[in-house]
Amino acid sequence: MGVESKKVLGAMLKVPRHFFLDSSFEDFAYQNKAFPIGEEQTISHPYTVAFQSEMLDIKIGDKILEIGTGCGYQTAVLYHLGASVYSIERQHALHHKAKLILNKMRIKAHLHYGDGYLGLPAKAPFDKIIVTAGAPEIPQELFKQLTIGGLMMIPLGSEEQIMTLVVKTNEKEFEKVEFDNFNQRHFRFVPMLKNKQ
Ligand code: SAH
């Protein structure tokens, strides 16, 4: 599908996607589709996981913050790319389930239950931030927690999203690259919700 990074493809080969899905979806786990993971949420398409990972150019030892752990699939891919992963999920049931699965797979990641809009100030700064839910705009707290020169991959928009790469150039400024209709592919994410919604 146009994913060129051998590192990303290699990491994805190490993560059995069916482990993250209910057994009733086992036969379809390797299709490029989103499936329900409970709490009205979905696992990301494998292409989306590959594309976001590739654009973030993950290097061994990168400290990365993921917003929206969900079932933990993207978390596992980031781990196999050699990153030190912090991930936040606002649905307690999903946070708990992801913890169990990743532990079972001996994948070490720092999983937090909370509101991704706030990020993790105590663990900042991060080299990279990946948002895996559709956000209305770049969350200010997350931008603050990015290192200068750091990258954020974030789908922006409500109904349909434009995948956006944000490069932090200094404390207040950034450049962005929009992947609108990239390779004729559209990205569709569940919404990034505020804590009380
Ligand atoms: N990374 C997951 C994608 C899960 S879908 C994967 O690998 O498949 C996106 C997730 O973002 C959902 O589980 C949803 O509950 C979560 N989410 C939405 N708004 C959030 C917020 N404000 N903070 C943290 N997580 C949030």
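Our subject is the structure listed above.
Residues numbered from 1 in each chain as written. Predicted model: local features only at pLDDT ≥ 70, side-chain atom pairs only at ≥ 80, totals over all residues. Heavy atoms only, no water.

Asker: Report on helix α4 (residues 92–104), specifying residues and quantitative values.
Answerer: With 13 residues, α4 ought to run about 18 Å at 1.5 Å a step, and its terminal C-alpha atoms sit 19 Å apart, in line with that. Of all the positions in α4, only L94, H95, A98, I101 and L102 are classed as buried. Buried residues of α4, viewed axially, fall in a sector of 135 degrees; they line one side. When the buried face of α4 is taken as reference, the exposed residues oriented beyond 90 degrees from it are L100, N103 and K104. For α4, the secondary structure elements touched by its buried residues are β1 (36–38), β2 (41–42), α3 (73–80), β4 (84–89) and β5 (110–113). (Helix = DSSP H or I, 4+ residues; strand = E, 2+ residues; numbered from the N terminus. Expected span 1.5 Å × (residues − 1). Buried < 20%, exposed > 50% of the residue type's maximum accessible area, 1.4 Å probe, protein only. Arc of directions from axis to C-beta. Contact = heavy atoms within 4.5 Å.)

Asker: Please provide a residue-by-residue account of the packing of helix α2 (residues 46–55) against α3, values included.
Answerer: Contact geometry of α2 with α3 gives a least axis separation of 11 Å together with a crossing angle of 40 degrees. One element, α2, and the other, α3, form an angle in the oblique class. Helix-helix and strand crossings are classified by hand; for α2 and α3 the assignment is right-handed. Residue-level contacts link P46, V49, Q52 and S53 of α2 to Y73, Q74, V77 and L78 of α3. Residue classes in the contact of α2 with α3 are distributed as five nonpolar, three polar and no charged. (Axes fitted to C-alpha atoms, helices over the stretch in contact; angles between N-to-C directions. Parallel < 35°, antiparallel > 145°, perpendicular 65-115°, else oblique. Left-handed = near helix turned anticlockwise from the far one by under 90°. Nonpolar A, V, L, I, M, F, W, Y, C, P; charged D, E, K, R; others polar.)

Asker: Can you lay out the sheet that holds strand β6 (residues 126–131) for me, pointing to particular residues and giving the numbers?
Answerer: Reading across from one edge, β5-β4-β3-β6-β7-β8-β9 is the order of the seven strands in this open sheet, with mixed pairing throughout. Each edge of the open sheet is held by one strand with a lone partner, namely β5 and β9 (174–179). With strand direction ignored, the average angle separating the axes of adjacent strands in the sheet is 15 degrees. Here strand β3 (residues 63–67) pairs with β4 via five bridges, running parallel. When the bridges of β4 are listed, K63 appears paired with S84. Across the sheet, α2 is in contact with β6, β7 (146–156), β8 (162–168) and β9; its angle to β7 comes to roughly 160 degrees. Most of the contacts of α3 go to β4, to which it runs at about 170 degrees, and overall it touches β3, β4, β5 and β6. (Pairing = 2+ DSSP bridges.)

Asker: Please set out the nonpolar core residue by residue, giving values where relevant.
Answerer: If you look at the biggest cluster of nonpolar residues, it comprises 40 residues, and the most contacted ones within it are F20, I43, I64, Y73 and V77. Elements with a contribution of two residues or more to this core: α1 (6–13), α2, α3, α4, β7 and β8. With sequence-adjacent residues up to four places away left out, I64 is seen in contact with L56, I58, L78, A83, S84, V85, Y86, F126, K128 and I130. The next biggest cluster of nonpolar side chains, apart from the first, holds 20 residues, and it includes I67, L120, A133 and F143. (Core = buried A, V, L, I, M, F, W, Y, C linked by side-chain atoms within 4.5 Å.)

Asker: Account for the site of the ligand, with residues named and values stated.
Answerer: Around the ligand lies a shell of 25 residues, among which S44, G68, E89, G116 and L193 are the nearest. Between an oxygen atom of the ligand and a side-chain N or O atom of E89, the distance comes to 2.6 Å. Contacts to the ligand include L193, whose backbone N or O atom sits 2.6 Å from a nitrogen atom. In isolation the ligand exposes 580 Å². Once the protein is present, 99% of that is buried. Going through the elements one at a time, β2, α3 and β4 are the ones with two or more residues in the shell around the ligand. Among the residues making up the shell around the ligand, the classes are represented as 10 nonpolar, 11 polar and four charged. (Near = heavy atom within 4 Å. Polar contact = N/O pair within 3.5 Å; in protein donor to acceptor, adjacent residues only side chain to side chain. Areas by Shrake-Rupley, 256 points an atom, 1.4 Å probe, with all protein chains shown as cover.)

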